[in-house]
Amino acid sequence: EIEMTQSPATLSVSPGERVTLSCRASQGVTANVAWYQQKPGQAPRLLIHTVSTRATGVPTRFSGSGYGTEFTLTISSLQSEDFAVYYCQQYSDWVTFGQGTKVEFK
Amino acid sequence: EVHLVESGGGLVQPGRSLRLSCVASGFTFDDYAMHWVRQGPGKGLEWVSGISFNSATIGYGESVEGRFTISRDNARNSLFLQMNNLRPDDTAVYFCAKDRYTNLSGGLPHWGRGILVTVSS
């Protein structure tokens, strides 16, 4: 099973800051990576698929990059509604999720 | 608009069985792969199982392999998860999710609200 390791576990930030979240795969997954946002009591929301393609309706401040084993989700200027937990996911070999990064208010 | 509604959850004793259902609407069900994803209390997301549009390709997460069975009925726009030999660590909210494509491509743009399964004596 491919493991996805996210860092950091928690990120304390202020609105307006640039945020970078990392995800490392235990083996190569080419470009088969997605990112999700989850708020308390809600289902996850797909933000990005195929490393860098934004899902429908996702603001342009969200962007993804990477290939192979190293991936990044960047929020260019954090808004108040972006405080949430973010998960990466690989779907190269079945499906696995990272353990999540919580973006909290500083 | 896509709607996914899970049902069948509840409290069950360890070792017993439970069958979850997910009814889909708002899209052509038999054009898409489907998944079950769960989230234990205070924990992250865990992929449980996925099934291709025609049931030809099926996969399971390591922790449920051999105990859970996924299936679908395209005529009834329904997805199922038969859970046998349940354990306390199966306690979670179970989400039904729609894939982007016919096969298991990942990238899950639509999710149900989830259904709680509690395994306890």
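Asker: Before we go on, may I ask you to explain the interface of chain B and chain A in this structure?
Answerer: Interfaces are often sized by the amount of accessible area the parts lose when they come together. Facing 22 residues of chain B, the contacting portion of chain A comprises 16 residues. In this assembly, chain B and chain A are joined by zero salt bridges. For the pair chain B and chain A, the number of links is five residue pairs in polar contact (both at pLDDT 80 or more). For the side of chain B that touches chain A, the secondary-structure elements that each account for two or more residues are strand S4 (34-39), strand S5 (45-51) and strand S6 (58-60) of chain B. Its residues placed into classes, the side of chain B that touches chain A shows nine nonpolar, nine polar and four charged.

Asker: What exactly am I supposed to notice about the pairing of strand S9 (residues 92-98) of chain B here?
Answerer: If a strand is regular, its side chains alternate between the two faces of the sheet. Residue and element names in this part refer to chain B. With six of seven residues buried, S9 lies mostly within the body of the structure. In this sheet, S9 lies alongside S4 in antiparallel orientation, the contact comprising six bridges. Opposite His35, over in S9, you have Ala97 as the bridge partner. Bridging between S9 and strand S11 (residues 115-119) involves three bridges; their strand directions are antiparallel. Each bridged residue has a counterpart across the sheet, and for Val93 the counterpart in S11 is Leu116. For S9 and strand S10 (residues 110-111), the ladder comprises two bridges, and the chain directions are antiparallel. In the strand pairing of S10, Ala97 is matched with Trp111.

Cut-offs applied
- Residues numbered from 1 in each chain as written.
- Chains lettered and ligands numbered in written order.
- Predicted model: local features only at pLDDT ≥ 70, side-chain atom pairs only at ≥ 80, totals over all residues.
- Heavy atoms only, no water.
- Contact = heavy atoms within 4.5 Å.
- Salt bridge = Lys/Arg side-chain N within 4 Å of Asp/Glu carboxyl O.
- Polar contact = N/O pair within 3.5 Å; in protein donor to acceptor, adjacent residues only side chain to side chain.
- Helix = DSSP H or I, 4+ residues; strand = E, 2+ residues; numbered from the N terminus.
- Nonpolar A, V, L, I, M, F, W, Y, C, P; charged D, E, K, R; others polar.
- Buried < 20%, exposed > 50% of the residue type's maximum accessible area, 1.4 Å probe, protein only.
- Pairing = 2+ DSSP bridges.

So yeah, pure geometry; function would need other evidence.
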